[in-house]
Structures are given as C-alpha cells and as structure tokens.
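# Structural characterization, general
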Amino acid sequence: MEKQQNKKLYIISGSSGVGKGTVLKSLLERHPEFMLSISCTTRSPREGEKDGVNYFFLSREEFEDCVNKDKFLEWAEFAGNRYGTKKKYIQQCLTEGKDVILEIETQGALKVKQQMPEAVLIFIEPPSLETLENRLRGRHTEDETTIQKRLMEVSKELEVAKQYDYQVINDDLAKTVEEIEKIIIKEQGLC
Ligand code: ADP
Ligand code: 5GP
C-alpha cells in the first residue's frame, strides 16, 4: 500500500546564537517545499533584515492590536521584545497540505504543542555553552546588554528542551541539517 504523507507543523527552537537561522537557511535551500512562517516582532530590524522577509516588524501598539484581535496562534515576550506567530498563514499552509516550519522560542513552542499535539518540536542545542556564547558574540548583531539578556535565558531553555520531541546538537552544520531532514522525513511517514 502507498504510504500516507503526513503534513505537519515543525517547530525549531534553540538558544540565541545556536545557529537556528543558519540551519534553516540551508534546510530550506534543500527543501523549498517547506513553508517557513514569518513571525511578528517588536524588536528593531538588524542590519540587512527586511520587513516581510525576516519578520513583520511591528510597534508595541500594532503588536497589542494583533493580540486583542486574536490574530496570533501564540506569542511570547523574549529578552525584552515580543514575538508572535500569525494564525492565518499556518492555517492556510496546513489546509493546502504543506509542511510548515516555525522558528520560535520555548514558551511559544509549548503553547502551540498544547493546541496542536501533532506539532513536532525540535530543539537545537549547542556543542557547549562556550561555543554558544562565541557564536552569539561572533555574529556582531547585538550590544552587550542584549547579549547578556539572551545568555540569561539559556539555562531555562535547555531545561524546557527536555520536553521536546527531538534534540539535535549543532556542531557540524551539514550534519545538523541532515539530522533535521531525517526527522522530518520520518515524521512525514516516508520511511
Ligand atoms: P540563531 O538564529 O540561532 O540566533 P545564527 O543562525 O544567527 O543563530 O548563528 C549564529 C552564528 O553562529 C552565526 O555567525 C553562524 O554563522 C554561526 N553558526 C551557525 N551554525 C554553526 C555551526 N554549525 N558551526 C559554526 N558556526 C555556526
Ligand atoms: P531574534 O530576535 O534572535 O530574531 O529571536 C529571538 C527569539 O525569538 C528566538 O528564540 C526566536 O526563535 C524567537 N521567535 C521568533 N519568532 C517568534 C514567534 O513568532 N514566537 C515566539 N514565541 N518566538 C519567536
């Protein structure tokens, strides 16, 4: 009998600087059929980030308006800014039978899992805390205060990671991408 393909929601989380963006970029190059949800945020764009591409950059008031109008599947406050996933895009992708990927932090991930138990939670871990800090600093995108706020979240995040369906250590980039690819293929019921 032909295997049934399960279209699902995949959530990728990991501490700031662990390599989520880098891993996803490579995964999406290999799998353009995966739909990446673009989140809303109240944080300011980094150099090179574009509205509607990396995020929808909203003011606090605009974000609050979306919360009040129940437009978010989930939202959370992280290191002084708010981040939220719009319901509409996710519903549309799943209705169209497409796999959707959310790159969100742990509080939001657990909220989604409560509403959609079939969502697959994948946590990307660093090879070591030292490597994580070096990557975060080496990116040169945050000031010292922001770096400290993000590092303060790490131990909590690693604790929540135990509740995830999968944990993947991002040491060698190509291997990490392959590992996540294998998880998705397995969850799709293709092997
Ligand atoms: P995140 O999206 O999780 O905050 P990034 O994707 O921005 O993290 O990666 C942070 C930094 O770490 C970037 O400079 C990126 O090039 C680097 N990086 C990501 N993955 C690896 C890896 N496997 N090995 C070495 N450096 C990596
Ligand atoms: P950054 O500011 O580095 O882009 O993102 C900070 C954190 O917010 C990361 O852990 C990222 O995964 C998370 N994030 C991005 N979008 C969302 C979202 O829509 N919801 C939640 N809960 N977290 C998000």
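Below: a short report on this structure.

Rules used throughout
- Residues numbered from 1 in each chain as written.
- Chains lettered and ligands numbered in written order.
- Predicted model: local features only at pLDDT ≥ 70, side-chain atom pairs only at ≥ 80, totals over all residues.
- Heavy atoms only, no water.
- Near = heavy atom within 4 Å.
- Polar contact = N/O pair within 3.5 Å; in protein donor to acceptor, adjacent residues only side chain to side chain.
- 1 Å grid on protein atoms, 1.4 Å probe; cavity = no way out; pocket = protein on both sides within 12 Å on 5 of 7 lines; lining within 4 Å.
- Sits in = over half its atoms within 2 Å of the grid points.
- Buried < 20%, exposed > 50% of the residue type's maximum accessible area, 1.4 Å probe, protein only.
- Helix = DSSP H or I, 4+ residues; strand = E, 2+ residues; numbered from the N terminus.
- Pairing = 2+ DSSP bridges.
- Salt bridge = Lys/Arg side-chain N within 4 Å of Asp/Glu carboxyl O.

## Describing the site of ligand 2
Neighbouring ligand 2 are 16 residues; Arg-43, Tyr-55, Tyr-83, Glu-103 and Glu-105 lie closest to it. Within the contact set of ligand 2, an oxygen atom lies 2.6 Å away from a side-chain nitrogen or oxygen of Arg-43. Within the backbone of Gly-84, one N or O atom sits 3.1 Å away from an oxygen atom of ligand 2. The cavity where ligand 2 resides is the largest pocket.

## Some details on the pairing of strand S9 (residues 166-169)
Side chains Tyr-166 and Val-168 of S9 all project onto a buried face; the interleaved residues Gln-167 and Ile-169 project onto a face where none is buried. Here strand S8 (residues 120-125) runs beside S9; their pairing, made up of 4 bridges, is parallel. Bridge pairing in S9 places Ile-124 opposite Val-168.

## Points about the pattern of salt bridges
On inspection of all chains with the given rule, the structure shows 18 salt bridges. For Asp-165, the salt bridge goes to Lys-113, with nearest N and O atoms at 3.0 Å. Note that Asp-165 is positioned in the loop between helix H7 (154-160) and S9 and Lys-113 in helix H4 (residues 106-115), a separation of 52 residues in sequence. Assessed through its relative accessible area of 37%, Asp-165 is described here as partly exposed. Judged by relative accessible area, Lys-113 falls into the partly exposed class, the value being 24%. Across the pair Glu-133 and Arg-137 runs a salt bridge, and its minimum N-O distance is 3.0 Å. Taken together, the positions of Glu-133 and Arg-137, both in helix H5 (residues 129-138) and 4 residues apart, correspond to about one turn of that helix. The class of Arg-137 is partly exposed, set by a relative accessible area of 28%. Three or more residues are tied together by salt bridges with common partners; here these are Arg-43, Arg-46, Glu-49, Arg-139 and Glu-142.

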